[in-house]
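The primary structure of each chain is shown beneath.
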Amino acid sequence: MIELLLRPAVLAPVLVLVAFFIHQLFFAGPKRPKIPIVGAKENDWFPFYQATWRNTLNFKAAVQLADRKYRDQPVLIPSLGALNTVLLPRSEIQWVTDQPDSALDMHTQAIDSLQIDYTATDPSLVYNPVHHKLITTTLTNQIGNLVPDVAEETAWGFEKQWGNPSDYQEVCVYDTMRKIVGSVTNRVFVGSPKCRDPALLTEARSRDEQVARPRAQRLSTVVDQTGQGHAILELAASKQEYIDELRAEIEGVLAEHGGEWNKRALAKMQKLDSVMRESARLNSFVTIGLSRAVIPKDGIVTPSGVRIPRGFTVNVPSYPVFRDSDIYPDAEEFKPFRFAEQRADESVDYVKRAAKAFATTSTDYLAFGHGRNACPGRFFAANELKLMLAHLVLNYDIELGGQRPRSSWFGLNRVPPLQATIRIKKRVKS
């Protein structure tokens, strides 16, 4: 019997199993709260770890199951790279945003999940995020003054990446838009012509550029994550009448403003704004939102009475809310003017109508986060996105040339169809 146990084929897995149980008993970190584990099944030997594997393979199913089966209670929803994750019910979304950083902290969670010490060129810019204040004050206040530069760089970017084809030609949406977004965003931070230097996003040459690059990159990420490429794909796959109606609004508003791009003109283009918000609703990479690290040594007690230990991260559902037809009628359908129609309903209070704008957050709309920690650059990003889409609609005819490619899931996140293409040609204006 002893000889059998000492055989490598038997001994190795036994040692691994013993090591696993020792790790779980003495080194596994904070004790998990006794709440349901999404993805676990009745006959599992190791329900938490088997659920982790299942959730990693199909997080879409996991977050939908959590919201459907456990909508009114917190649950564990582990996946590889995010074992200590608690998903709170929808009813506690506002509670999360109301908590001070000393209780639930977004910054701590981001530093840990992104492994900033190992992935950032200059981690001090993350630990001491002076650029946040610059974005929320200086940048936001200067949006109106920046519109002409953004418009000019947008025109240059499309000319560079799309050209002026007289017949339909195929372009890769994400590859070309990534470059356009990069030059437009950097126009604001480093100016022209430096903003057009491809090396700017890959090589830091000075302290000033090290500071400028993270700001521009973060804002570019906001632009990518809130659906610029998706909006183009959605429009290309939709009815031509939607594009015609959107084009008519843009041309009409521009005519009222003497053909000049400015902040007031962009604010008046409510159908354009609605297209962006609707695209972000359908395509946001945010599947679970408001990620916050639990900070107090004794943990924190949720409104539903569950104590969540320090070392855990809390999140709230986003993807299931975006796809809830009780909140968004015909939620699976792309309705480009859904929010413009709501904003035009004068029977509704003005404040409630205004809350349907692209950059406005709510417990039902977490594309930019919510509360005091909502994305600080969202107002600039919203104006930049709308101006770029408006330029496209005015100057190009677009069509899909096939079925609309959808996002895929990679762990907790939805990944856009990076290779998706559309057919474009320069529009002949009447």
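This is a predicted model, so every value here is computed, not measured.

Along the backbone of the chain there are 20 helices and 12 strands. Sorting the 430 residues of the chain into buried and exposed places 48% on the buried side. Long-range contacts, defined as pairs at least 24 residues apart, comprise 71% of the intrachain contacts of the chain with a sequence gap of at least 6. Put simply, the chain shows about 21500 Å² of open surface, and 53% of that area lies on carbon and sulfur atoms.

Once that is clear, we can look at the pattern of salt bridges. This structure, assessed with the given rule, holds 25 salt bridges. For the salt bridge of D44 with R54, the shortest nitrogen-to-oxygen distance reads 2.8 Å. Separated by 10 residues along the polypeptide, D44 in the loop between α2 (8-26) and α3 (47-57) and R54 in helix α3 bring together distant segments of the chain. Among the salt bridges present, the one from R187 reaches D149, with a minimum N-O distance of 3.4 Å. Of this pair, R187 sits in helix α11 (residues 173-189) while D149 sits in helix α10 (residues 143-161), placing them 38 residues apart in sequence. Using a relative accessible area of 10% as the deciding quantity, one classes R187 as buried. Linked through salt bridges whose partners overlap, the residues forming this network are D149, E152, E153, R187 and R196.

Right, let's get into the side chain of S318. Among the secondary structure elements, S318 is positioned in the loop between β8 (313-317) and α17 (319-322). S318 sits in the buried class, given a relative accessible area of 2%. Those residues within four positions of S318 in sequence are excluded, and the remaining contacts are V286, T287, I288, G289 and L366.

One open sheet accounts for five strands, arranged β1-β2-β8-β5-β3; its pairing is mixed. Both edges of this open sheet fall to β1 (75-76) and β3 (104-105), since each of them pairs with a single strand only. Inspection of the sheet shows strand β2 (residues 85-87) paired to β8 by three bridges, in the parallel sense. The residue of β8 that forms the bridge with V86 is V314. Across the sheet, helix α6 (residues 106-113) touches β3, β5 (288-294) and β8, and the angle it forms with β5 is around 95°.

With 66 residues, the main nonpolar core has W162, I250, W261, M269, L389, I398 and I422 as its most contacted residues. Of the residues forming this core, the biggest block, 10 residues, is contributed by helix α20 (residues 378-395). If near-sequence neighbours (up to four positions away) are discounted, I250 is found in contact with W261, M269, L272, A390, V393 and L394.

For the bond from S192 to P193, the omega torsion is 10°, close enough to zero to count as cis. Relative to the helices and strands, P193 is located in the loop between α11 and α12 (207-225). The phi angle at L290 is positive, at roughly 55°, despite the residue not being glycine. Within the secondary structure, L290 is located in strand β5. The buried category is assigned to L290, whose relative accessible area is 7%. In this model, D330 sits at a positive phi of 55°, which is unusual for a non-glycine residue.

Another aspect to go through is a nonpolar patch on the surface. A contiguous nonpolar patch, built from W53, L57 and L80 and spanning about 380 Å² of accessible area, is present on the exposed surface. When you line up the elements, L80 lands in the loop between β1 and β2. Relative accessible area serves as the criterion here: at 55%, L80 is assigned to the exposed category.

Now for helix α16 (residues 270-283). Here α16 contains 14 residues, and its C-alpha end-to-end distance of 20 Å stays within 8% of the 20 Å for a straight helix at 1.5 Å per residue. Restricting attention to buried positions, one finds in α16 the residues L272, D273, S274, V275, M276, R277, E278, S279, A280, R281, L282 and N283.

Further remarks concern the sheet that holds strand β4 (residues 169-172). Across the sheet, three strands lie side by side as β4-β12-β9; this open sheet has antiparallel pairing. Edge positions in the open sheet fall to β4 and β9 (396-399), since each of these has one partner strand only. Neighbour to neighbour, the strand axes of the sheet diverge by 40° on average, direction disregarded. Note: β9 against strand β12 (residues 421-426), four bridges, orientation antiparallel. Residue pairing across strands places E399 opposite R423, the latter belonging to β12.

Reading guide: rules and limits
- Residues numbered from 1 in each chain as written.
- Predicted model: local features only at pLDDT ≥ 70, side-chain atom pairs only at ≥ 80, totals over all residues.
- Heavy atoms only, no water.
- Helix = DSSP H or I, 4+ residues; strand = E, 2+ residues; numbered from the N terminus.
- Buried < 20%, exposed > 50% of the residue type's maximum accessible area, 1.4 Å probe, protein only.
- Contact = heavy atoms within 4.5 Å.
- Areas by Shrake-Rupley, 256 points an atom, 1.4 Å probe, with all protein chains shown as cover.
- Salt bridge = Lys/Arg side-chain N within 4 Å of Asp/Glu carboxyl O.
- Pairing = 2+ DSSP bridges.
- Axes fitted to C-alpha atoms, helices over the stretch in contact; angles between N-to-C directions.
- Core = buried A, V, L, I, M, F, W, Y, C linked by side-chain atoms within 4.5 Å.
- Patch = residues over 30% accessible without salt bridge, like charges linked within 9 Å, V, L, I, M, F, W, Y side chains within 5 Å.
- Expected span 1.5 Å × (residues − 1).

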